[in-house]
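# Descriptive analysis of the structure
Given next are the chains, with one letter for each unit.
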Amino acid sequence: MNLVEIRRELHQIPELGFQEFKTQTYLLDKINAMQTDRVEVKEWRTGIMVRVSGANPNKTIGFRCDIDGLPITEQTDFPFKSTHEGQMHACGHDFHMTIALGSLKLIIDHPIDNDVVFLFQPAEEGPGGALPMMESDSFKEWKPDVVFALHIAPELPTGTVSSRPGLLFANTSELFLDFSGKGGHAAYPHLTRDMTVAASSFVVELQQIVARNLNPLESAVVTVGKMESGFVQNAIAESARLEGTIRTLEPATINVIKQKLERLIQGFEISHECKIAIDYGANYYQVYNEQQYVDIFAETMTTNNINYQEANPAMTGEDFGYMLKDIPGFMFWLGVDSPFGLHNAQLTPDEDALEIGVKAVKNTIQALSAC
Ligand SMILES: CC(=O)N[C@@H](CCC[C@H](N)C(=O)O)C(=O)O
C-alpha cells in the first residue's frame, strides 16, 4: 500500500464535518479493495465502521480516526495542495485516515485472535461526530472493549510518540456571539450604537475572565478565532459576530466561565445598548487515558524501537474524549516534525511518520489483543 500517495490524495479533498462525501467514497474504495470474508463494512452518515473478525475472539479492539478538514485556506505550494477552496486538512486528519487504512490492511493480511473495529469518524472539528456515532445501533453492535486513537504532533520529531496516563486533552466548548444594535452613517456615531466597537471591547474584556476570575491553579483558555462586523467603510456596523472556544482542564470550570461570560453579556447589553445572542455550539469532554493501556502502549513502542516520551496535558480538544468516557483506552501523539503547527495554513507534516504511525497502531492492536 502506497501510504504517501493515499495521504496526498486525501489531502486534496478536505471536507467539513458531516460533508465528507468524497472522502467517504475514497475510503470505501480502498476498504472494499481489501475485502475478505472476515471483513464487514457499515456506513454511518459520512463515516465508516469496519470490523475484522479475529481467529478466536473474546474481545473487540477499536481504533478510531477522524476524517474531516477545517475551513482554512491552504498556503503551501505543494502539487497536492487542497483542491477545495477555503478548506484544508490542517489538523492532520489526512494522516490519521492513511494510518488507519495502512493498519487495517496489515490486520486483514495478518489475522489476530480478537476482533478489531476501525472507526472512520466524521466531524471531529465540529459539530462533533463521536457522540452521535456512539449512539448508533451499528456502533452499539460492534462496541469495542478497549479503544485508542492518535493525533499528529507537529512539535515532536518524526519517530517519537507520546502520551500520558490521565488527562491528555482539555474540556472544550465552542462560543458564538451575535451582537445587534442600531447602525447608521459613519459621521453620526451619537445616533447609532456601534457593534464593531462593542464586539472589540468584548474581546478584550473576555480575557479578564480567565485572568481575573478564575483560580490561577485552574487552567483555562478563551480564544476568539474569528470576528466579523459591518458592510462598508463609511457606515457604523449594526451587527457583529465573534466565534471562539473555551478550554479548561477541569470539566466544572467550563460552567464557571460560562456564568461569568453571561454576566459580562448582561453588562454589555446595558452599556452598549445592544442585544447579544449566545450559542455554545459543540462541547467536548476531556480525553482521559487509562493508565493500564498507556503502560502497554509505552512498552510496545519501546519494544518496536519507536521512541516513547511522556506527554504534558494540552488545551486541544477532541470528541474522542466521549469514547474514552464510556470505553477504557487512550490517545497518543505521533511526531511529524512540522515547522508550522496544527490549524496553521502551512502545516507540513513529515510523510516519513506515516510508516511509523502504521507500525505503532498495528503493534498496539496486537499488544491489546494479547493482554
Ligand atoms: C486536536 C484539535 O485541534 N481539535 C480541535 C477540536 C475542536 C473542538 C471545537 N470545534 C472547539 O473549537 O471547541 C481543537 O480545536 O482543539
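This one's a predicted model, so the numbers in the text were calculated from it and none came from an experiment. Counting restarts for each chain: residues are numbered from 1 in the order of the written sequence. The model is predicted, so local features are restricted to residues of pLDDT at least 70 and side-chain atom pairs to those at 80 or more, both for listing and for counting; the totals for chains, interfaces and linings are taken over all residues. For side-chain calculations, the full set of non-hydrogen atoms in the structure is used, while hydrogens and water are omitted.

## Some remarks on the pattern of salt bridges
Two side chains carrying opposite charge are able to pair once their charged atoms lie near each other. Stated formally: Any Lys or Arg side-chain nitrogen found within 4 Å of a carboxyl oxygen on Asp or Glu counts as a salt bridge. Counting from the N terminus, the helices are DSSP H or I runs at least four residues long and the strands are E runs at least two residues long. The buried label applies to any residue whose accessible area, calculated with a 1.4 Å probe on protein chains only, is under 20% of its type's maximum; exposed applies above 50%, and partly exposed to all values in between.
Applying the stated rule across the entire model yields 14 salt bridges. A salt bridge links Arg7 to Asp94; the shortest N-O distance between them is 3.0 Å. Placement of Arg7 in helix α1 (residues 3–11) and of Asp94 in helix α3 (residues 93–109) is noted, with a sequence separation of 87 residues between them. The same class applies to Arg7 as to Asp94, namely buried. Overlapping salt bridges, with partners in common, bring together Arg7, Arg8, Asp94 and Glu351 in one network.

## Thoughts on the UniProt feature "domain: Peptidase M20 dimerisation" (unreviewed entry) in the protein
Filter applied, for reference: UniProt positions are given in the numbering used here, feature names are shortened, and annotations may be inferred rather than shown by experiment.
As recorded in UniProt, the sites labelled "domain: Peptidase M20 dimerisation" (unreviewed entry) are residues 177–265. The span residues 177–265 is 38% helical and 31% strand by assignment, and the distance between its end C-alpha atoms comes to 10 Å.

## Describing the UniProt feature "active site" (unreviewed entry) in the protein
We count it as follows: Think of a 1 Å grid over just the protein atoms. A cavity is a set of points where a 1.4 Å probe fits yet cannot get out, a pocket is an open set with protein on both sides within 12 Å along at least five of seven lines, and lining residues have an atom within 4 Å of a point. Distance and chemistry together define a polar contact, namely a pair of N or O atoms within 3.5 Å, with one atom able to donate a hydrogen and the other to accept it when in protein, and with adjacent residues in sequence counting only for side-chain atoms on both sides. Throughout, a residue-residue contact means that at least one pair of heavy atoms, one from each residue, lies within 4.5 Å.
With numbering matched to this structure, UniProt assigns "active site" (unreviewed entry) to Asp66 and Glu125. The named residues occupy 60 residues along the chain; their greatest pairwise C-alpha distance, 8.8 Å, places them in one compact cluster. The subset of the named residues that lines the largest pocket consists of Glu125. Relative to the helices and strands, Asp66 resides in strand β3 (residues 60–66). Here the side chain of Asp66 touches His93 through a polar contact of 3.3 Å, side chain to side chain. Tracing the chain through its elements places Glu125 in the loop between β4 (115–121) and α4 (130–134). For Glu125, the residues in contact, after removing those within four places along its chain, are Asp68, Gly69, Leu70, Cys91, His93, Glu174, Tyr284 and His343. Within the structure, Glu125 has its side chain in polar contact with the side chain of His93 (distance 3.4 Å).

## Observations concerning the site of the ligand
Defined as follows: For each residue, the test is whether any non-hydrogen atom lies within 4 Å of the molecule or strand; if one does, the residue is near. Where accessible areas are quoted, they stem from the Shrake-Rupley method and a 1.4 Å probe; at the residue level, only the protein chains shown are allowed to cover.
Lining the immediate environment of the ligand, one finds 13 residues, of which Glu125, Glu174, Thr245, Arg247 and Gly317 sit closest. At a separation of 3.3 Å, a nitrogen atom of the ligand approaches a polar side-chain atom of Glu124. Glu174 places a polar side-chain atom, nitrogen or oxygen, 2.7 Å from a nitrogen atom of the ligand. Protein burial of the ligand: of its 410 Å² of free accessible surface, 92% is covered by the chains.

## Notes on the layout of surface pockets
Put simply, the test is: Grid points are joined across faces, edges and corners, and a volume is the space filled by probe spheres set on the points. Under the convention adopted here, Pro, Cys and the residues Ala, Val, Leu, Ile, Met, Phe, Trp and Tyr are nonpolar, Asp, Glu, Lys and Arg are charged, and Gly plus all remaining residues are polar. Residue ranges assigned to the domains are those given by an automatic or database domain assignment.
Its volume calculated, the largest pocket comes out at about 1,200 Å³. Lining the largest pocket we find 37 residues, and of these Leu70, Glu125, Glu174, Arg247 and His343 sit closest to its centre. Of all the secondary-structure elements, those providing two or more residues to the lining of the largest pocket are β8 (171–180), β10 (220–229) and β12 (239–248). Considered class by class, the residues forming the lining of the largest pocket number 17 nonpolar, 13 polar and seven charged. Mapped onto the domain boundaries, the lining of the largest pocket takes at least three residues apiece from domain 1 (3–167 + 286–370) and domain 2 (171–283).

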